[in-house]
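# Secondary and tertiary structure notes
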Amino acid sequence: MSERRLRRALLFMPGDDLKKIIKGAGLGVDSIIMDLEDGVALNNKAAARHTVLQALTSKEIDYGATERLVRVNQPRKGMQAEDVAVTIQGRPDGYVMPKVESAREIQQFSHTLLERELLMGMEVGAIKIMAIIETAKGIVNLREIAQADKRLVALMFGAEDLAGDIGATRTREGKEVYYARSAVVIHAAAFDLQAIDTPFVDLSDLDGLRAETAEALQMGYTGKLAIHPKQVGPIVEVFTPTEAEVEAARRLIEAHDAHQAQGTGVFAYEGRMVDMPMIRAAERVLARAGR
Ligand code: COA
Ligand code: MG
């Protein structure tokens with residue numbers, strides 16, 4: 001993965017709800033995900049594809065810097081080809097694949113995108129892929145999935161579907177999905193992908209959302225899925241370092257550079273030992289700040 005676009009909050013909306021897409025486009029969120037999968041009823045899939053295409057091509061909608069993503073259906077449901085055939089005409093920035101369980105399905109999807117890019121005279125490889133890991137097989141096959149394709153830029157974790165798949169009961173503490181949540185972020189890091197945490201489904205509990213987002217950040221996640229506009233602010237806030245954190249990171253890196261220049265690898269700074277892991281953490285703070 002070469003691109004390092006900030007993806008802190010990624011807001012989902014049903015692809016058949018133009019009003020919500022328009023609203024989502026105007027919020028200044030990092031990414032929006034127009035859903036064709038579970039957020040859309042079976043008898044509304046065809047209409048949803050066309051609504052998404054309409055939204056992507058509308059001259060009236062200004063997305064600003066917001067990334068436009070489309071979530072397609074699983075390949076085995078037999079709807080994915082049509083999802084792409086219709087929506088790619090709107091040139092989305094990327095696709096989100098649900099319930100990914102193998103590298104092969106990503107590679108096949110990527111090949112479909114390649115054919116369309118060639119056909120449409122688009123830059124080859126421009127369209128990104130993000131994979132939601134939300135089944136037991138997806139977790140077990142993370143190692144191959146994370147290396148599947150150059151288009152793959154992020155792994156997303158889906159706790160609700162995973163719990164359903166393994167027969168776990170969801171709790172607020174999340175112990176039942178902790179191994180999986182951790183596995184996703186570790187595989188993302190190992191293969192230079194972004195890691196996006198599961199959505200928080202209790203819309204009325206913004207403190208709970210903040211706490212879960214803080215936990216995601218602590219674990220190494222770089223962003224979190226959102227399902228309602230009011231979740232965007234708290235998520236972005238948690239993932240955005242404060243001015244003081246940015247300043248501290250910058251000073252630490254300066255001190256490190258100065259010591260390196262004098263041939264010193266490890267040094268004491270404000271009473272603590274500093275070596276490479278802390279420098280990398282400081283660099284991550286700057287990256288999260290978009291610098
Ligand atoms: N994206 C964009 N706008 C949204 C939104 C979303 N995900 N969720 C709500 N809104 C809008 C509403 O349209 C409404 O706009 P208005 O004030 O201009 O009329 C405003 O935000 C307030 O919405 P509210 O009444 O609080 O929510 P709701 O009852 O209309 O919708 C949900 C609740 C859960 C159905 C809705 O938030 C939603 O569709 N979320 C995304 C679901 C989804 O995509 N799931 C699949 C992935 S997990
Ligand atoms: Mg799901």
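To keep things clear, this report deals only with the structure shown in the data block.

Reading the values: rules and limits
Residues numbered from 1 in each chain as written. Chains lettered and ligands numbered in written order. Predicted model: local features only at pLDDT ≥ 70, side-chain atom pairs only at ≥ 80, totals over all residues. Heavy atoms only, no water. Donors = N, O, S within 2.8 Å, 3.2 Å for Na, K, Ca; no water. Helix = DSSP H or I, 4+ residues; strand = E, 2+ residues; numbered from the N terminus. Buried < 20%, exposed > 50% of the residue type's maximum accessible area, 1.4 Å probe, protein only. Axes fitted to C-alpha atoms, helices over the stretch in contact; angles between N-to-C directions. Parallel < 35°, antiparallel > 145°, perpendicular 65-115°, else oblique. Left-handed = near helix turned anticlockwise from the far one by under 90°. Contact = heavy atoms within 4.5 Å. Nonpolar A, V, L, I, M, F, W, Y, C, P; charged D, E, K, R; others polar. Expected span 1.5 Å × (residues − 1). Near = heavy atom within 4 Å. Polar contact = N/O pair within 3.5 Å; in protein donor to acceptor, adjacent residues only side chain to side chain. Areas by Shrake-Rupley, 256 points an atom, 1.4 Å probe, with all protein chains shown as cover. 1 Å grid on protein atoms, 1.4 Å probe; cavity = no way out; pocket = protein on both sides within 12 Å on 5 of 7 lines; lining within 4 Å. Sits in = over half its atoms within 2 Å of the grid points.

Moving on: the coordination of the magnesium ion (ligand 2). Bound to the magnesium ion (ligand 2) on the protein side are E134 (OE) and D161 (OD), at distances that span 2.0 to 2.3 Å. One end of the pair, E134, is in the loop between β5 (128-133) and α5 (136-140); the other, D161, is in helix α7 (residues 159-166), with 27 residues separating them in the sequence. Classification of E134 by relative accessible area gives buried; the value is 3%.

Before going further, it helps to examine the packing of helix α8 (residues 175-190) against helix α9 (residues 206-219). Two elements in contact, α8 and α9, have axes whose closest approach is 10 Å; the angle formed by their N-to-C orientations is 50 degrees. In this view, α8 runs oblique relative to α9, as classed from their interaxial angle. For the pair α8 and α9, the crossing hand works out as right-handed. Along the contact surface, α8 presents Y178, R181, S182 and V185, while α9 presents E212, E215, A216 and M219. Among the residues forming the contact of α8 with α9, the class breakdown is 4 nonpolar, 1 polar and 3 charged.

Next up on the list: helix α2 (residues 45-57). Look at α2: 18 Å from first C-alpha to last across 13 residues, which is about the 18 Å you get at 1.5 Å a residue. Among all positions in α2, only K45, A48, R49, T51, V52, L53, A55 and L56 are buried. Those residues of α2 hidden inside the fold are in contact with α1 (18-25), β2 (31-35), β3 (67-71) and α3 (80-87).

Every one of the 13 residues lining ligand 1 counts as a neighbour, but F12, K19, K20, I227 and H228 are closest to it. Taking K23, its side chain carries an N or O atom lying 3.2 Å from an oxygen atom of ligand 1. Within the side chain of H228, a nitrogen or oxygen atom sits 2.8 Å from an oxygen atom of ligand 1. In isolation ligand 1 offers 890 Å² of accessible surface; the protein chains occlude 59% of this area. Spatially, ligand 1 is embedded in the second largest pocket. In terms of residue count, strand β1 (residues 9-14) provides more of the shell around ligand 1 than any other element does, 4 residues in total. The residue makeup of the shell around ligand 1, split by class, is 7 nonpolar, 1 polar and 5 charged.

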